[in-house]
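Observations on chain architecture
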Amino acid sequence: MLEQLGINAKKVAGILTTVTTEQKNNALIEISNALLLRADEIIKANNIDIENGKMAGLNAGLIDRLMLDRDRIEGIADACRQVAELDDPCGRVLETVVRPNGLVIKKVSCPMGVIGIIYEARPNVTADAASLCLKSGNAVILRGGKEAIESNKAIAKIMRDAIEKVGIPADAIQLVEDTSRQSSTELMRMKKYLDCLIPRGSKNLIQAVVENSTVPVIETGSGNCHIYVDRDADIDMASEIIFNAKTQRISVCNACESLVIHSDIIDRALPKIKARLDEKNVIIKGDERARAVCPDLEIADEVDFATEYLDYIISVKTVDSLDEAIEHINKNSTGHSEAIITDNEDNAKIFMQRIDSSSVYHNASTRFTDGGEFGLGAEIGISTQKLHARGPMGLRELTTTKYLIFGDGQVR
């Protein structure tokens, strides 16, 4: 079955190279309208997934990732419109060279071809990934998790109907409806048909794809995101940023999971930060020095400092210097997003230079690591690797390049 999806996608990929920007934009607007008009279908399907998820014992964070209501569907539809408004990433002339023999060589951007996406319990990824792939001229094969299968089927059908309505083959967007482990493994081996595979989900999922795929992989990472409260931090600012980064939405990869606090300020900073986090009943796990300041903290160990909780839990590590903070973060980070809260510009500069993550903040919440917030429209994921793409992946990260060479009879 999956091979047929690959055959379909390969065929459509050739057609998509000739689709105009106007046609792609019309298709995206049609998708956006259809998602809103048929929102009840999506919510009905999503309710089935929610009930199944609760019966399966999914935690609150995963249920939150899974849930779609009218507001979230409006957000998904709006993201499609935002992508339609962005510049077409294909056909850009990146370089032009005229050789001594008269050859004119142009390096231009072009679609990758066929992109596979493996993801888990976030049905919004179905629409986000499909819209970005469509605008960048790529056919896409989507393989979501079993937790969101009914929602994904509903969204995929609506999108396929919408693009077919404006003259683009429905098979530009295909969903793998088999959610068995076998289908996931088979997709990882479809090198004959896939030009790129992007995993999006848990650390275990991403690791499995990276280790087992024969298809080139763009690794999107889990988010053990840190906020470092420097000795020169504004404590009120720090407590508000941390409250936002931890509690605004716990189930996302850019939520703060780990605090690092300078020992010179922890006596004053931690009680105020804890008071804010207590408003949302956040469990705080601290090292010995943090617990000396706030004795009711739970005990943190080395595993806690490296954990992406996706829950109302956060760890606290006490450090004696900026260097120690940087060393601790680089050791335990997943390379996603880190922040420093400080009024010391020199310390901020050093932190931002030496922290080895895709997105590094000064006096701002890690929750901004997002394609929409970065002006990219919807995102395909947050890349934590260093080859080709890093950070929020928008349209340009879904293209490659080729050379167009113009001559008038030259031979070598």
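Note that this is a predicted model, so its numbers are computed, not measured. Numbers given to residues run from 1 along each chain, matching the order in which its sequence is written. Local features in a predicted model are, by the rule used here, given only for residues with pLDDT of at least 70; side-chain atom pairs are given and counted only at 80 or more, and totals for whole chains, interfaces and linings are based on all residues. Side-chain descriptors were evaluated using all non-hydrogen atoms of the structure, hydrogens and water having been removed beforehand.

**Details of the packing of aromatic side chains**
As a reminder of what qualifies: Two rings belonging to Phe, Tyr or Trp (six-membered ring only in the last case) form a pair when the distance between their centres is within 6.5 Å. Interplanar angles under 30 degrees mark stacking, angles over 60 mark edge-to-face geometry, and anything in between is tilted. A helix here means a DSSP run of H or I that spans at least four residues, while a strand means a run of E at least two residues long, and both kinds are numbered starting from the N terminus. Relative accessibility under 20% of the residue-type maximum defines a buried residue, over 50% an exposed one, and the middle range a partly exposed one, all with a 1.4 Å probe and only protein chains included.
Taken as a whole, this structure holds 1 aromatic pair when the rule is applied. Here Y228 and F351 contribute two aromatic rings whose centre-to-centre distance is 6.2 Å and whose plane-to-plane angle is 20°, an arrangement assigned as stacked. Taken together, the residues Y228 in strand β7 (residues 225-229) and F351 in helix α15 (residues 345-354) connect sequence positions 123 residues apart. A relative accessible area of 0% places Y228 in the buried class.

**A few points about the pairing of strand β3 (residues 114-119)**
A regular strand carries its side chains on alternate faces of the sheet. Here is the rule: Here, any two strands with at least 2 DSSP bridges between them count as paired. Crossover handedness is defined by viewing with both strands directed away from the observer: a clockwise path from the first strand over the helix to the second marks the crossover as right-handed.
β3 sits mainly inside the fold: 6 of its 6 residues count as buried. Residues of β3 alternate between two faces, with V114, G116 and I118 on one and I115, I117 and Y119 on the opposite face, all of them buried. Where β3 meets strand β4 (residues 139-143), 5 bridges bridge the pair, whose relative direction is parallel. Along β4, the bridge assignment pairs I117 with L142. Following the chain from β3 across helix α6 (residues 124-135) to the adjacent parallel β4, one finds a crossover that is right-handed. The sheet contact formed by β3 and strand β6 (residues 196-200) spans 5 bridges and is parallel.

**Regarding the sheet that holds β6**
The criterion, for reference: To obtain each axis, a line is fitted to C-alpha atoms, and for helices this fit is confined to the stretch in contact; angles are then taken between N-to-C directions over 0 to 180 degrees. Contacts are residue-level and defined by heavy atoms, with any inter-residue pair within 4.5 Å sufficient.
With respect to topology, 4 strands assemble into an open sheet ordered β5-β4-β3-β6, the strand pairing being parallel. The two strands at the open ends of the sheet, each matched to only one other strand, are β5 (173-175) and β6. Sheet twist, expressed as the average angle between the axes of neighbouring strands with direction ignored, equals 20°. Relative to β4, helix α8 (residues 181-188) is tilted by about 150°, and along the sheet it contacts β3, β4 and β6. Across the sheet, helix α9 (residues 203-212) lies against β3 and β6, angled at about 160° from β6, the strand it touches most.

**So, the sheet that holds strand β1 (residues 93-98)**
Read across the open sheet, the 3 strands follow the order β1-β2-β16; overall the sheet is antiparallel. Two strands close off the open sheet at either side, each with one partner strand: β1 and β16 (399-406). In this sheet, neighbouring strand axes are inclined to one another by 25° on average, regardless of whether the strands run parallel or antiparallel. As defined by bridge partners, β1 adjoins strand β2 (residues 104-111) across 5 bridges and the pair is classed as antiparallel. Note that in β2 the partner of V93 across the bridge is V108.

**Notes on the pairing of β7**
Of all 5 residues making up β7, 5 are buried, and the element is well covered by its neighbours. The two faces of β7 match: C225, I227 and V229 on one face and H226 and Y228 on the other face are all buried. Two strands pair when backbone bridges link them, and β7 and strand β8 (residues 256-262) are joined in this way by 5 bridges, in the parallel orientation. Of the residues in β8, the one forming a bridge with I227 is L259. In this fold, β7 hands off to helix α10 (residues 235-247), which returns the chain to β8; that crossover is right-handed. Across 4 bridges, β7 lies against strand β12 (residues 337-341) in parallel orientation. Among the inter-strand pairings, I227 is bridged to a residue of β12, identified as A339.

**Some details on the layout of surface pockets**
Convention followed: We place a 1 Å grid over just the protein atoms. Points where a 1.4 Å probe fits but has no way out form a cavity, open points with protein on both sides within 12 Å along at least 5 of 7 lines form a pocket, and any residue with an atom within 4 Å of a point lines it. Grid points are joined across faces, edges and corners, and a volume is the space filled by probe spheres set on the points. Residues are grouped as follows: nonpolar covers Ala, Val, Leu, Ile, Met, Phe, Trp, Tyr, Cys and Pro; charged covers Asp, Glu, Lys and Arg; every other residue, Gly included, is treated as polar.
The space that makes up the largest pocket amounts to roughly 1,300 Å³. For the lining of the largest pocket, the elements supplying multiple residues, two or more each, are α4 (60-66), α5 (70-85), α6 and α9. Looking at the lining of the largest pocket, the element that brings in the most residues is α5, giving 6 residues. When its residues are assigned to classes, the lining of the largest pocket shows 16 nonpolar, 18 polar and 15 charged. Taken as a whole, the second largest pocket encloses approximately 440 Å³ of empty space.

By themselves, these are just geometric observations and shouldn't be taken as functional.
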